[in-house]
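Residue-level structural notes
Each chain, letter by letter, is given below.
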Amino acid sequence: EPEVTQTPSHQVTQMGQEVILRCVPISNHLYFYWYRQILGQKVEFLVSFYNNEISEKSEIFDDQFSVERPDGSNFTLKIRSTKLEDSAMYFCASSVRGEDTGELFFGEGSRLTVL
Amino acid sequence: DQQVKQNSPSLSVQEGRISILNCDYTNSMFDYFLWYKKYPAEGPTFLISISSIKDKNEDGRFTVFLNKSAKHLSLHIVPSQPGDSAVYFCAARRSQFYFGTGTSLTVIP
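Residues numbered from 1 in each chain as written. Chains lettered and ligands numbered in written order. Predicted model: local features only at pLDDT ≥ 70, side-chain atom pairs only at ≥ 80, totals over all residues. Heavy atoms only, no water.

Here we look at the overall build of chain B
Here is the rule we go by: Each helix is a run of H or I in the DSSP string that is no shorter than four residues. Each strand is a run of E no shorter than two, and both are numbered from the N terminus. Radius of gyration here is computed from C-alpha atoms only, and the compact-globule reference equals 2.2 Å multiplied by the residue count raised to the power 0.38. Each residue is assigned to one of three classes by its accessible area relative to the maximum for its type, calculated with a 1.4 Å probe on protein chains only: buried under 20%, partly exposed between the two thresholds, exposed over 50%. Any pair of residues with heavy atoms lying within 4.5 Å of one another is described as a contacting pair. Note on areas: these come from Shrake-Rupley sampling with a 1.4 Å probe, and a residue is covered only by the protein chains present in the view. By the counting rule applied here, Lys and Arg register as positive and Asp and Glu as negative, while His and the ends of each chain are not counted. In plain terms, the charge of a residue is placed at NZ if it is Lys, CZ if Arg, CG if Asp and CD if Glu.
Scanning chain B from N- to C-terminus turns up zero helices and 11 strands. Written out in order from the N terminus, the α and β elements of chain B read β-β-β-β-β-β-β-β-β-β-β. The C-alpha atoms of chain B give 13 Å as radius of gyration, which agrees with the globular expectation for 109 residues (13 Å, within 12%). The C-alpha extent of chain B, read off along each of the three principal axes, is 40 × 30 × 20 Å. A burial count over chain B gives 48% of its 109 residues as buried. The contacts of chain B with a sequence gap of at least 6 include a subset with a gap of at least 24, amounting to 54%. Here chain B displays about 5100 Å² of accessible surface, and carbon together with sulfur accounts for 49% of that area. Mean positive and mean negative side-chain charge positions of chain B (11 and 9 charges, respectively) differ by 4 Å.

Here's the deal with the interface of chain B and chain A
Definition in use: By buried area we mean how much accessible surface two parts lose on assembly, using a 1.4 Å probe and totalling the loss over both. Between Lys or Arg on one side and Asp or Glu on the other, a salt bridge is scored when a side-chain nitrogen of the former is within 4 Å of a carboxyl oxygen of the latter. Within 3.5 Å is the distance limit for a polar contact, defined as a pair of N or O atoms, with the added protein rule that one can donate a hydrogen and the other accept it, and that residues adjacent in sequence qualify only through two side-chain atoms. Three categories are distinguished: nonpolar for Ala, Val, Leu, Ile, Met, Phe, Trp, Tyr, Cys and Pro, charged for Asp, Glu, Lys and Arg, and polar for the others, with Gly belonging to the last.
Counting residues at the interface gives 21 residues for chain B and 18 residues for chain A. Counting the surface lost from both chain B and chain A, the interface buries some 1700 Å², and carbon and sulfur atoms represent 54% of this. Of all residues in chain B, B:Gln96, B:Phe97 and B:Phe99 give up the largest surface area on contact with chain A, accounting jointly for 29% of the area buried on that side. There are zero salt bridges connecting chain B and chain A. The tally of links from chain B across to chain A stands at two residue pairs in polar contact (both at pLDDT 80 or more). When contributions to the side of chain B that touches chain A are tallied by element, the ones reaching two or more residues are β4 (32-38), β5 (45-51), β9 (86-94) and β10 (96-99) of chain B. By residue class, the composition of the side of chain B that touches chain A is 10 nonpolar, seven polar and four charged.

Regarding the pairing of strand β6 (residues 56-59) of chain B
Residue and element names in this part refer to chain B. How we decide: The pairing criterion is simple: DSSP has to find at least two bridges between the two strands.
Bridge count between β6 and strand β7 (residues 62-67): four bridges; the pairing is antiparallel. Opposite Asn 57, over in β7, you have Val 64 as the bridge partner. Linking β6 to β7, which pair antiparallel, is a turn of two residues; within it Gly 60 sits at a positive phi near 65°.

Things to note about the pairing of strand β4 (residues 31-37) of chain A
All names here are of chain A. Extensive coverage of β4 is indicated by the burial of seven of its seven residues. By the alternation rule, side chains of β4 split into Tyr 31, Tyr 33, Tyr 35 and Gln 37 and Phe 32, Trp 34 and Arg 36, which are all buried. Summarising the sheet, β4 and strand β5 (residues 43-50) pair through seven bridges and their orientation is antiparallel. From the neighbouring strand, Tyr 31 faces β5, where its bridge partner is Tyr 50. With antiparallel pairing between neighbouring strands as the criterion, β4 and β5 make up a hairpin whose turn holds five residues, including Gly 40 at a positive phi of roughly 80°. Note that β4 and strand β9 (residues 88-95) share seven bridges and pair antiparallel. Looking across to β9, one finds that Tyr 35 is bridged to Phe 91.

Details of the packing of aromatic side chains
Between two aromatic rings, the relevant description is the distance of the centres plus the angle of the planes. The condition that has to hold: Aromatic pairs are defined between Phe, Tyr and Trp rings, using the six-membered ring for Trp, whenever the two ring centres lie within 6.5 Å; interplanar angles under 30 degrees are classed as stacked, those over 60 as edge-to-face, and all others as tilted.
Tallied over the full model, the rule gives 19 aromatic pairs over all chains. Centre to centre, the rings of B:Phe30 and B:Phe33 are 6.1 Å apart; their planes meet at 80°, and the pair counts as edge-to-face. Linked through ring pairs, A:Tyr33, A:Tyr35, A:Phe45, A:Phe91, A:Phe106, B:Tyr36, B:Phe46, B:Phe97 and B:Phe99 together constitute an aromatic cluster.

Remarks on the sheet that holds strand β1 (residues 5-7) of chain A
Residue and element names in this part refer to chain A. Where we set the bar: To obtain an axis, a line is fitted to C-alpha atoms, over the contacting stretch when the element is a helix, and the angle between two such axes runs from 0 to 180 degrees between their N-to-C directions.
If you walk across this open sheet you meet the four strands as β1-β3-β8-β7, and the pairing is antiparallel. What marks the edges here is a single partner per strand, and that holds for β1 and β7 (65-68). Neighbouring strand axes in the sheet, compared pairwise and without regard to direction, differ in orientation by 20° on average. Here β7 pairs with strand β8 (residues 75-79) via four bridges, running antiparallel. Paired with Phe 65 across the strands is Ile 79, a residue of β8.

Overview of the state of the cysteines
All names here are of chain A. The line we're drawing: Note on disulfides: each one is a pair of cysteine sulfur atoms within 2.5 Å.
Evaluated as defined, the whole model comprises two disulfides over all chains. Disulfide partner of Cys 23: Cys 92, at an S-S distance of 1.9 Å. Between Cys 23 and Cys 92, the S-S dihedral sits near -65°, and the bridge is therefore left-handed. In this pair, Cys 23 sits in strand β3 (residues 19-24) while Cys 92 sits in strand β9, placing the two residues 69 residues apart along the sequence. The exposure class assigned to Cys 92 is buried, which follows from its relative accessible area of 0%.

Okay, here's the thing in structure tokens:
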């Protein structure tokens, strides 16, 4: 069964360092997303991406964040200068939108720890 | 701005009994509602969904009910099994997906 894969599963970084989280969405999906979940809190929307551009972003997704689909298969989230409060589990998701539910298929997540 | 709310952080149910998880929302423009199940250290897994034009959708042991006038949806699991123990998130879609804070279900053998 096709699945969304994410790497790395866990990354520890120093505050101020750049981090890139990688995702390979399901191959026939058209919409891509990043969500995050701070420990004990809700799953929060960061950004959605369609047709090679950001379609929507939340207030969390400030200038320190960027997304890219560099090669038609990978979908990356970059945090330019990490802060302590960026520590969270980051989930990539993809979906096929249309007349169906367009449910999201999530990856296993990348745990980011900022020290 | 909490558009989707799950007011019960946890729920314990005996194996074989019914589990009822509740979710409230504020935005009448949502067009789909979904339930996700999440185990620790894993990503959320899609469980069941319902269109805003329906009031019930059933899939095996799982049934989702939607009450649009009350802006309320619920997930019924019957009979509950120990393997159902997980965190359940409701989500609502309007261009993007909004998630609730989750309810941790424990099914006691």
